[in-house]
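Here are the chains, one letter per residue:
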There are 2 protein chains.
Amino acid sequence: MAAQAGVSPSTVSRCFATPHQVRPETRARVLAAAERLGYRPSRIARSLALGRTGTLGLIVPDIANPFFAVIAKAVQARARRKDYAVFLADTDEHPDDEYELALTLARQVDGLLVVAPRMDGDRLGEIVRQVPSVVVNRSVSGVPSVVAPSEDGLRQAVAHLHALGHAHLALILGARNSWSSEKRGQAVRRAAQQLGVAVTEFGPHEPKFHTGAQVADLALAAGATAIVAHNDLMALGILARLAERGVRVPDDVSVVGADDTLLATTASPALTSVRIPLDALGRQAVDLLLHRLDQPESPPRETVLPSELIVRRSTGPAPRTGPAP
Amino acid sequence: MAAQAGVSPSTVSRCFATPHQVRPETRARVLAAAERLGYRPSRIARSLALGRTGTLGLIVPDIANPFFAVIAKAVQARARRKDYAVFLADTDEHPDDEYELALTLARQVDGLLVVAPRMDGDRLGEIVRQVPSVVVNRSVSGVPSVVAPSEDGLRQAVAHLHALGHAHLALILGARNSWSSEKRGQAVRRAAQQLGVAVTEFGPHEPKFHTGAQVADLALAAGATAIVAHNDLMALGILARLAERGVRVPDDVSVVGADDTLLATTASPALTSVRIPLDALGRQAVDLLLHRLDQPESPPRETVLPSELIVRRSTGPAPRTGPAP
DNA sequence: TTGAAAGCGATACCAA
DNA sequence: TTGGTATCGCTTTCAA
C-alpha cells in the first residue's frame, strides 16, 4: 500500500491519524491509492500498537430479553457515536460464564459494561480490578455504576392503587438473588406500610410468563384486589390467566407491571407499568465508562436515574367488596 | 511472563497453542506462572500474527426487536461453542450505516453474518466480496444464506382460516422494500387464490404496533372476517384496537400474526402465529459461515428452514353473516 | 523439547 | 513535511 502511493508507511499512517500533518498533494495521492485498493487501516494492528482497541465490551444475561436488548441498543448507539465498537457477550443467565467471559473480554476491550444482576459481588470486584468497568442496573460499592432504582416508580404505583381504593395487594417477587427483585420488594413493602395497605407476597419466582399465570390464582385466592408484579412478563402471565378465568381487568382486579417494556405497551389492556429509562441507562453507562477511560483516577461515581409509573388501562378503582347496595 | 517462567516466549506460546508439544514439567511451570500472574494471551496480538481473529461479526437492523434479538442470541451461543466471539452491530434500520458498518467490521472479523432485510443487493454483494459472509433471512443469488421462508406457514394460515369458514381476509403488508414482507404477501395471495378466499390488502406499512391499530378499522370496514398481519407486533396493534372497539377475538374476527415472538405467546388471547425457527436460523447461519471459513471454495449454499403455523386462541370459526336463522 | 529471530500491520519517535 | 526504525504481543519456521 505504501509502495502503491510511493510513500513510506509512516506517511500513510499520518494521512489517517493526523491528516493536517501531511502536505495536501501527498495526502491526495495516498487517499487516491487507498481508494483504488479499497484499503482500510487494520484496527487489529492499530490496537496492538496503540494499546487501545476502540472497543467496549457489553455483558448481558439474555439479549433476547427486551429489557437487556433495549439497554444493548442504547449502548450500541452511544458507543458508535463516540467511535467505539461493541463486543457483545450473552451469558445466557449463567453467572459462571459471566465471569469467564468478562475475563476473556477484558483483554480485548478498552472498557466493560456489565449487566449482571446475579453475579456475586466478589467476582464483580475482580473484574472491575482487571479492566475499567461500569456496572449497570446494580449498585456495587466502590464500582462506578448506573442504576435506575425502581423505588420511586413503585412507590408511585402503591400510591396510585391506594388512591383507587385498593386496600390489599399481592406482591409478586422475581428471581432469588436478583438485586433488582430485592430492591423492588422492599420498595413496595415500605410504601404499602406507610399507606396502610395490606401486602401478601408470593415468590421468589423465576420471572417468567408461566409463573405469572400460576401465581395469579394464588393472589386472587388471597383476596388481593391489585397485583404488583416483578416485571411486565409476569404481569402478562397474570393478565392471561385472569382473562382465562373471566376475571376482568381492571374492573375486578388491577395489575401493575415493571420495566415498561414493549410488552407493556402492546398488551391489551395496556399495562400500567413502572418505567425504567433503559435507553438513558445504556447511554449514561457508556458516558460514564468513557469518562473513566479519560480520567482513570476519578472517584467511582454512581449515576442514579429516575423511574416513574406509567398509568395505562390495567389499573382502575378497587371493586366494591361485600354485597352490592 | 516468559521470564517469570524461565522459558522463552516460543515455549509459552506452545503451552497454549500446542500443549502436547512441550514437556509436561515445563508446561506445568509455565501454567503455574501464568496462573500466578493472571496472564492471558492477548487475542489482539494473536490475531495480528495469525491473520485470524476468532471473531464473527453480526449485523442486525434493530437489536431491540425481539425477532433479531432471538437470532442474535442463537448466534452468540453457537459461536461461543465454537470458540468464536461475536461483534454486534446494530444499524438502527439505516441501510447506509449497514453498509459502512459492514465494511468496517469486515477487517476485524473472520466472517460476517448479515441480517439486512432492506439493504440493496449490490451493496450486499460488495460486502460479501470483501469478507466471507452469510446472509440471514434473505435470499441473494450467489451468496450463502439461511432463510426460513414464511410461505409454508402462511399457506397453512390461509388454509386454517379457510377451514374455519373465513371467505374474506385482510392482508396487512409490512415495510416497503422488505424482502420478507414481499415474500409473505405473495404467499398469502397465492394460497388465498387457490382456495377461493378473497383478499383485501393494506400497506405497505411500517411494521409497528400503532400502524396495526390504525389498519384494524380499515380491515373491518372492508368486511374481512380474518386479518393476517405482517408480523406479531402489528397483529397486537390490531388486537388492541379491536378490544377497544368491543370487537371480540376470535368470535367476531380472527387474527394471525407472524414470527411467533414472545409477543405472540404472551398476548391475550394468545396469538395464532407463523413460527419462524429463529434460533435454528442463527445456529445454521453460524455453522454455514464456519463451514465456509474452512472451505472457502465450496459453492454458496442456501439453507432453507421450515416455518409452521402455531394455532392459538386468536383464531376461530368465521362469524355468521347475514341475519341469524 | 526448547530457543532465536522474522514477521503480522499499524504507530511514534527521532532524523533528515 | 517526510522517511527510517523500534515497538506492540504473539506465532512460527529453523536450528540447536
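Numbering of residues starts from 1 in each chain and follows the order in which that chain's sequence is written. Naming scheme: in the order in which they are written, chains are lettered from A and ligands are numbered from 1. Predicted model: local features are reported for residues with pLDDT of at least 70 only, side-chain atom pairs are reported and counted for 80 or more only, and whole-chain, interface and lining totals are derived from all residues. Only hydrogens and water are set aside; all other atoms, that is, all heavy atoms of the structure, feed into the side-chain values.

J.: I'd love a proper account of the overall build of chain A, names of residues and values included.
T.: Going along the chain from the N terminus, every DSSP run of H or I of four or more residues is numbered as a helix, and every run of E of two or more is numbered as a strand. Counting secondary structure elements, chain A contains 13 helices and twelve strands. Put simply, the radius of gyration uses C-alpha atoms, and a globule should come to 2.2 Å times the residue count raised to 0.38. Expected size for 325 residues packed as a compact globule is a radius of gyration near 20 Å; at 25 Å, chain A overshoots this value by more than 25%. Principal axes of the C-alpha set define a box for chain A whose edges measure 95 × 40 × 30 Å. A contact between two residues is defined here by any heavy atoms of the two lying within 4.5 Å. By sequence separation, contacts in chain A at least 24 residues apart represent 71% of the contacts at least 6 residues apart. Here chain A displays about 14,100 Å² of accessible surface, and carbon together with sulfur accounts for 49% of that area. His residues and chain termini do not enter the charge count, which takes Lys and Arg as positive and Asp and Glu as negative. The atom standing in for a charge is NZ when the residue is Lys, CZ when it is Arg, CG when it is Asp and CD when it is Glu. Taking the average location of the 36 positive side-chain charges in chain A and that of its 33 negative ones, the two points are 7 Å from each other. Note on areas: these come from Shrake-Rupley sampling with a 1.4 Å probe, and a residue is covered only by the protein chains present in the view.

J.: If you had to explain the pairing of strand β2 (residues 85-90) of chain A to someone new, which residues and values would you point to?
T.: Residue and element names in this part refer to chain A. For every residue, the accessible area obtained with a 1.4 Å probe (protein chains only) is divided by the maximum for its type, and the residue is called buried under 20%, exposed over 50%, and partly exposed between those limits. With six of six residues buried, β2 is to be regarded as a mostly interior element. By the alternation rule, side chains of β2 split into Ala-85, Phe-87 and Ala-89 and Val-86, Leu-88 and Asp-90, which are all buried. In short, DSSP must find at least two bridges between two strands for them to pair. Of the pairings in the sheet, the one linking strand β1 (residues 55-60) to β2 comprises six bridges and is parallel in character. Paired with Ile-59 across the bridge in β2 is Ala-89. Crossovers are marked right-handed if the path from the first strand over the helix to the second runs clockwise, as seen with the strands pointing away from the viewer. As for the winding sense of the linkage, the β-α-β connection from β1 through helix α5 (residues 66-81) to β2 is right-handed.

J.: A description of the UniProt feature "domain: HTH lacI-type" (unreviewed entry) in chain A should follow, citing residues and the corresponding values.
T.: UniProt positions are given in the numbering used here, feature names are shortened, and annotations may be inferred rather than shown by experiment. In the numbering used here, UniProt assigns the "domain: HTH lacI-type" (unreviewed entry) feature to residues 1-50 of chain A. The span residues 1-50 of chain A is 70% helical and 0% strand by assignment, and the distance between its end C-alpha atoms comes to 21 Å.

J.: Any chance you could break down the packing of helix α5 (residues 66-81) of chain B against helix α13 (residues 278-294) of chain B for me, citing the residues and the numbers?
T.: All names here are of chain B. α13 packs onto α5 with a crossing angle of 45° between their chain directions and a minimal axis gap of 7 Å. Taken together, the axis directions place α5 and α13 in an arrangement best described as oblique. In this structure, the crossing between α5 and α13 has a hand that is right-handed. Between α5 and α13, the residues in contact are Phe-67, Val-70, Ile-71, Ala-74, Val-75, Arg-78 and Ala-79 and Leu-278, Asp-279, Leu-281, Gly-282, Arg-283, Val-286 and Asp-287, respectively. Note on residue categories: nonpolar means Ala, Val, Leu, Ile, Met, Phe, Trp, Tyr, Cys or Pro, charged means Asp, Glu, Lys or Arg, and polar means any other residue, Gly included. For the contact of α5 with α13, the per-class residue count stands at nine nonpolar, one polar and four charged. Axes here refer to lines fitted to C-alpha atoms; in helices the fit is confined to the stretch in contact. Angles between the N-to-C directions go from 0 to 180 degrees. Here the angle decides the label: under 35 degrees means roughly parallel, over 145 means roughly antiparallel, 65 to 115 means roughly perpendicular, and every other value means oblique. Crossing handedness: left-handed means the near helix sits turned counterclockwise from the far one by under a right angle, and right-handed means the same turn made clockwise.

J.: Can you lay out the interface of chain A and chain B for me, pointing to particular residues and giving the numbers?
T.: Contacts between the two partners involve 46 residues from chain A, matched on the other side by 46 residues from chain B. What counts as buried area is the accessible surface, traced by a 1.4 Å probe, that two parts surrender upon association, with contributions from both included. With both sides pooled, the region where chain A packs onto chain B buries about 4,000 Å², and carbon together with sulfur makes up 61% of that total. Together, A:Arg40, A:Ile44 and A:Lys73 form the three largest contributors to the area buried by chain A at its contact with chain B, with a combined 17%. Salt bridges, as used here, are contacts in which a Lys or Arg side-chain nitrogen is within 4 Å of a carboxyl oxygen on Asp or Glu. There are eight salt bridges connecting chain A and chain B. Of the charged contacts in the structure, one is a salt bridge between B:Lys73 and A:Asp92, with a shortest N-O distance of 3.0 Å. When contributions to the side of chain A that touches chain B are tallied by element, the ones reaching two or more residues are α4 (43-50), α5, β2, α6 (95-106), α11 (232-245) and α12 (262-266) of chain A. Tallied by class, residues from the side of chain A that touches chain B come to 25 nonpolar, eleven polar and ten charged.

J.: Would you mind going over the sheet that holds strand β6 (residues 168-172) of chain A in detail, with residue names and values included?
T.: The strands that make up a sheet are held in pairs by hydrogen bonds between backbone atoms, and each pair lies either parallel or antiparallel. Residue and element names in this part refer to chain A. Judged by pairing direction, the sheet is mixed, and its six strands sit side by side in the order β7-β6-β8-β9-β10-β12 without closing on themselves. Both edges of this open sheet fall to β7 (198-202) and β12 (308-310), since each of them pairs with a single strand only. Within the sheet, the average angular offset between the axes of one strand and its neighbour, ignoring direction, is 20°. Two strands pair when backbone bridges link them, and strand β10 (residues 272-275) and β12 are joined in this way by three bridges, in the antiparallel orientation. Residue Arg-275 lies in a different strand from β12, and its bridge partner there is Glu-308. Contacting β6, β7, β8 (226-229) and β9 (254-259), helix α9 (residues 179-195) crosses the sheet at an angle of about 170° to β6.

J.: I'd like a rundown of the protein's contact with DNA strand C, residues and numbers included.
T.: Near DNA strand C there are 23 residues, and of these A:Ser13, A:Ser42, B:Thr11, B:Val22 and B:Thr26 occur at the shortest range. Nearness here has a simple test: a residue counts as near a molecule or strand if at least one of its heavy atoms is within 4 Å of that partner. Protein-proximal atoms of DNA strand C, defined as those within 4 Å of the protein, fall in sugar or phosphate at a share of 61%. Here a polar contact is recorded for every N or O atom pair within 3.5 Å, except that within protein the pair must consist of a potential hydrogen donor and a potential acceptor, and residues adjacent in sequence are included only if both atoms are side-chain atoms. For DNA strand C, a phosphate oxygen lies 2.9 Å from a polar atom in the backbone of B:Arg23. Put simply, the parts of the chain that give the surface near DNA strand C at least two residues each are α2 (9-17) and α4 of chain A together with α2 (9-17) and α4 (43-50) of chain B. Here the surface near DNA strand C takes five residues from α4(A), the largest share from any one element. Looking at the surface near DNA strand C residue by residue, the classes come out as ten nonpolar, seven polar and six charged.

J.: Explain the packing of α2(B) against helix α3 (residues 24-37) of chain B to me, and be specific about the residues and the numbers.
T.: Residues and elements named next belong to chain B. The N-to-C vectors of α2 and α3 enclose an angle of 90°; their axes lie 10 Å apart at closest approach. When the axis of α2 is compared with that of α3, the two are roughly perpendicular. Taking contact as the criterion, the partners of Thr-11, Val-12, Cys-15 and Phe-16 in α2 are, on α3, Thr-26, Arg-27, Val-30, Leu-31 and Ala-34.

J.: Quick one: what's the story with the pairing of strand β8 (residues 226-229) of chain B, residue by residue and with numbers?
T.: All names here are of chain B. Both faces of β8 are covered, namely the face carrying Ala-226 and Val-228 and the face carrying Ile-227 and Ala-229. Bridge count between strand β6 (residues 168-172) and β8: four bridges; the pairing is parallel. Pairing of Ala-170 across the sheet is with Ile-227, part of β8. In this sheet, strand β9 (residues 254-259) lies alongside β8 in parallel orientation, the contact comprising three bridges. Bridge pairing in β9 links Ile-227 to Val-255. In this fold, β8 hands off to helix α11 (residues 232-244), which returns the chain to β9; that crossover is right-handed.

J.: Describe in detail the packing of aromatic side chains, supporting the description with residues and values.
T.: When two rings of Phe, Tyr or Trp (its six-membered ring) have centres within 6.5 Å they constitute a pair, described as stacked for plane angles under 30 degrees, edge-to-face for angles over 60, and tilted for the intermediate range. This structure, assessed with the given rule, holds five aromatic pairs over all chains. With centroids separated by 4.2 Å and ring planes inclined at 25°, the aromatic side chains of A:Phe87 and B:Phe87 adopt a geometry described as stacked. Here the residue A:Phe87 occupies a position in strand β2, and B:Phe87 occupies one in strand β2 (residues 85-90), the pair thus bridging two chains. Overall, the relative accessible area of 4% leaves B:Phe87 in the buried class. Look at B:Phe16 and B:Tyr39: their rings are 5.8 Å apart centre to centre, the planes differ by 50°, and that puts the pair in the tilted class. Of this pair, B:Phe16 sits in helix α2 while B:Tyr39 sits in the loop between α3 and α4, and the two are 23 residues apart along the sequence. Whether a charge sits over a ring depends on NZ of Lys or CZ of Arg being within 6 Å of the ring centre and within 35 degrees of the ring normal. Across from the ring centre of A:Tyr99, 4.7 Å away, lies the NZ or CZ of A:Arg123, which sits over that ring.

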